[in-house]
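If you want the building blocks of each chain, they are given just below.
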Amino acid sequence: MTTSTTPSPLVRAEAVHKYFGDHHVLKGVDLDIAPGEVLCLLGPSGSGKSTFLRCINHLETIHSGQIWLGDETIGYRLQGTRLVERPEREIIRQRRSMGMVFQRFNLFPHRTALENVIEGPVQVKGENSRSAKERGTLLLERVGLGDKLHAYPRQLSGGQQQRVAIARALAMEPELMLFDEPTSALDPELVGEVLTVMKDLAATGLTMIVVTHEIGFAREVADRVAFMDGGRIVETGTPAEVLDAPRHDRTKAFLSRVL
Ligand code: ADP
Ligand code: MG
């Protein structure tokens, strides 16, 4: 029982370590994200941001520590004092509660926007195709693509494809959305339309972890900003705290390069 009025976190990473071979990539990552919170994760290339996101949905295994989603540990469960990997079906169930949007859109090239969006609900969740199409249409309208339902990815700009990818993730009704540099592969003039969609999503109360170099977005939309360097979270705080008054030299150095 907790007597605190602070909501328990939706995501909690505790002392997460990850190696690729001998390469120690995550060196004890601790981070909490409250329900409805938007956290922007910043940091230099190679600091472990993508690896950490991939550990959250168990696309990567972790070496020690734990990641919680609500009251469940992701990927592993404690057996005595040992972490054992969960059975595949539990991992699949856990993964389904998270949507992920990558730098590259990864749409199915031979399917229309709407077909891309309904694929998961129909194939994975067994939703009937009529209801999936209705929901998919609404989702594509919500990301500003109501007139592109039947367009193929090659007929869409990068920004439009990324918005389809966001609608596709939302179609699975995730509790948590993970964005890994969703605008980094886009031509500069297409970045804004994707950030606008993400900002609208944030306003709906969806919990989001966004790896981005878009400092303006972090400043405007994030509830909290975390700065990662060398496989650790170096500092966290409100956008004003971290972006305008960073405490750590490594944060200062990073910001002076990107601002
Ligand atoms: P970021 O997203 O912050 O740029 P990454 O998480 O992609 O950083 O990478 C962190 C470190 O882990 C880098 O040194 C990278 O080369 C290494 N790394 C990432 N993925 C792999 C992998 N699959 N195998 C081996 N090394 C990897
Ligand atoms: Mg990355």
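Residues numbered from 1 in each chain as written. Chains lettered and ligands numbered in written order. Predicted model: local features only at pLDDT ≥ 70, side-chain atom pairs only at ≥ 80, totals over all residues. Heavy atoms only, no water.

An unreviewed UniProt entry lists the protein under the name ABC-type polar-amino-acid transporter, with Streptomyces antnestii as the source organism. Looking at the protein in UniProt, the text filed under Subcellular location (unreviewed entry) is "Cell membrane". UniProt, in its Catalytic activity (unreviewed entry) section for the protein, records the words "a polar amino acid(out) + ATP + H2O = a polar amino acid(in) + ADP + phosphate + H(+)". (UniProt positions renumbered as here; feature names shortened; annotations may be inferred.)

**A look at the state of the cysteines**
Summed over all chains, the structure comprises zero disulfides. C40 forms no disulfide, and the closest cysteine sulfur to it belongs to C55, at a distance of 20 Å. Take C40: its relative accessible area is 0%, and that puts it in the buried class. For C55, a relative accessible area of 2% gives the class buried. (Disulfide = S-S within 2.5 Å. Buried < 20%, exposed > 50% of the residue type's maximum accessible area, 1.4 Å probe, protein only.)

**A few points about the packing of aromatic side chains**
By the definition in use, this model includes one aromatic pair. Ring geometry for F227 and F254: centres 5.2 Å apart, planes at 45 degrees, overall tilted. Taken together, the residues F227 in strand 11 (residues 224-229) and F254 in helix 9 (residues 249-258) connect sequence positions 27 residues apart. For F254, a relative accessible area of 4% corresponds to the buried category. The ring of F20 carries K18 above its face, with NZ or CZ at 4.8 Å from the centroid. Sitting over the ring of F108, R111 keeps its end group 4.7 Å from the ring centre. (Phe/Tyr/Trp six-rings, centres within 6.5 Å; stacked < 30°, edge-to-face > 60°. Helix = DSSP H or I, 4+ residues; strand = E, 2+ residues; numbered from the N terminus. Lys NZ or Arg CZ within 6 Å of the ring centre and 35° of its normal.)

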